[in-house]
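Results of the structural survey
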Amino acid sequence: MRLDKYLKVARIIKRRTVANEVCDAGKAVVNGKVARASYDVKPGDIVELNFESRSVKFRVEKVAETVRKEDAASMYTPLS
């Protein structure tokens, strides 16, 4: 699954267009490397986002095309 879509499905960022803008601005880092919106997310990846004067770091636990709102938090584990 694309990184921008994962961020939206996991409800880390509300809109996919915003997620795409964050990635294109170079503010998304996956496993220590700057990632584009088209990066293919896999379980075990460590993702860091720096946007809106805050930083979010998490590990991808599972990838699913659709999830319920209550289950979205199970898709990742916060690291900071």
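Right above here is the structure, for reference.
Residues numbered from 1 in each chain as written. Predicted model: local features only at pLDDT ≥ 70, side-chain atom pairs only at ≥ 80, totals over all residues. Heavy atoms only, no water.

Comments concerning the overall build of the protein
Rules: Secondary structure elements follow DSSP: runs of H or I of four or more residues count as helices, runs of E of two or more count as strands, with numbering from the N terminus. Here the radius of gyration uses the C-alpha set of atoms, whereas the globule reference equals 2.2 Å times the residue count to the power 0.38. For every residue, the accessible area (1.4 Å probe, protein chains only) is compared with the maximum for its type, and the residue is labelled buried under 20%, exposed over 50%, or partly exposed between those bounds. Residues are treated as being in contact if the distance between any of their heavy atoms lies within 4.5 Å.
When helices and strands are tallied, the protein shows two helices and five strands. Counting from the amino terminus, helix and strand elements in the protein follow one another as α-α-β-β-β-β-β. Radius of gyration (C-alpha) of the protein: 11 Å, near the 12 Å computed for a compact globule of 80 residues. Once the C-alpha set of the protein is aligned to its principal axes, its extents read approximately 30 × 25 × 25 Å. Burial status across the protein gives 36% buried among its 80 residues. In the protein, once contacts between residues fewer than 6 apart in sequence are set aside, the share between residues at least 24 apart is 37%.

Digging into the side chain of Asp45
The line we're drawing: His residues and chain termini do not enter the charge count, which takes Lys and Arg as positive and Asp and Glu as negative. Think of a salt bridge as a Lys or Arg side-chain nitrogen and an Asp or Glu carboxyl oxygen that are within 4 Å of each other. Any N or O atom pair separated by 3.5 Å or less is treated as a polar contact, with the protein-specific requirement of one donor-capable and one acceptor-capable atom, and with residues adjacent in sequence counted only for side-chain atom pairs.
Considering the arrangement of structural elements, one finds Asp45 in the loop between strand E2 (33-34) and strand E3 (46-51). There is no salt bridge for the buried Asp45, and the closest opposite charge comes from Lys42, which lies 4.0 Å off by N-O distance. For Asp45, the side chain forms a polar contact with the side chain of Tyr39, separated by 3.3 Å. In this structure the side chain of Asp45 is engaged in a polar contact, spanning 2.9 Å, whose partner is the backbone nitrogen of Lys42. Not counting residues up to four positions away in its chain, the partners in contact with Asp45 are Val30, Asn31, Tyr39, Asp40, Phe58, Arg59 and Val60.

Focus: the pairing of strand E4 (residues 54-60)
Inclusion rule: Two strands are said to pair when DSSP picks up at least two bridges between them.
Here E3 runs beside E4; their pairing, made up of six bridges, is antiparallel. If you follow Leu49 over to E4, its bridge partner there is Val56. Examined bridge by bridge, E4 and strand E5 (residues 76-78) share three bridges and lie antiparallel to one another. Among the inter-strand pairings, Phe58 is bridged to a residue of E5, identified as Pro78.

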